Structure formats: structure tokens, C-alpha cells
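Topology and contacts: notes
So you can see what is in the structure, the chains are spelled out below.
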Amino acid sequence: MQIILSILMFIIGIAVMTISFKAKKELIYYLTLSAGVIFFFAGILVILPK
């Protein structure tokens, strides 16, 4: 279950980062890019034990 959740977070993070490259306004671009990076690293933290 934990592995499935982390893979989902990776996919969401990458998807949000790719959406951010299509954004025209800079504010939206940086907000979506940072959200994607947060999801990506959250996926890494879920995989690795504390």
C-alpha cells in the first residue's frame, strides 16, 4: 500500500511539473512547479524509512 501511494505521488508530482511548463503566467508557473516538486519529494519521503 505504501509503495502504491508513493508511486502515485511521483506520478502526480511529474504531472503537475509538466502542467507548469504550459502555464503562461509566471505566478501560476512557479506555484504549480513548487507543488509538483513538493509531491515528488513527498513520494521519496514515503518510500524511505524514517
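Calculation rules
Residues numbered from 1 in each chain as written. Predicted model: local features only at pLDDT ≥ 70, side-chain atom pairs only at ≥ 80, totals over all residues. Heavy atoms only, no water. Helix = DSSP H or I, 4+ residues; strand = E, 2+ residues; numbered from the N terminus. Expected span 1.5 Å × (residues − 1). Buried < 20%, exposed > 50% of the residue type's maximum accessible area, 1.4 Å probe, protein only. Arc of directions from axis to C-beta. Contact = heavy atoms within 4.5 Å.

1. Notes on helix α1 (residues 2-22)
With 21 residues, α1 extends 31 Å between its outermost C-alpha atoms, agreeing within 8% with the 30 Å of an ideal straight helix rising 1.5 Å per residue. Those residues of α1 that sit buried are S6, M9, G13, V16, M17 and S20. Burial along α1 is one-sided: seen end-on, the buried residues are contained in an arc of 100°. Of the exposed residues in α1, those oriented more than 90 degrees away from the buried face are I3, I4, I11, I19, F21 and K22. Each element contacted by the buried residues of α1 is listed here: α2 (26-47).

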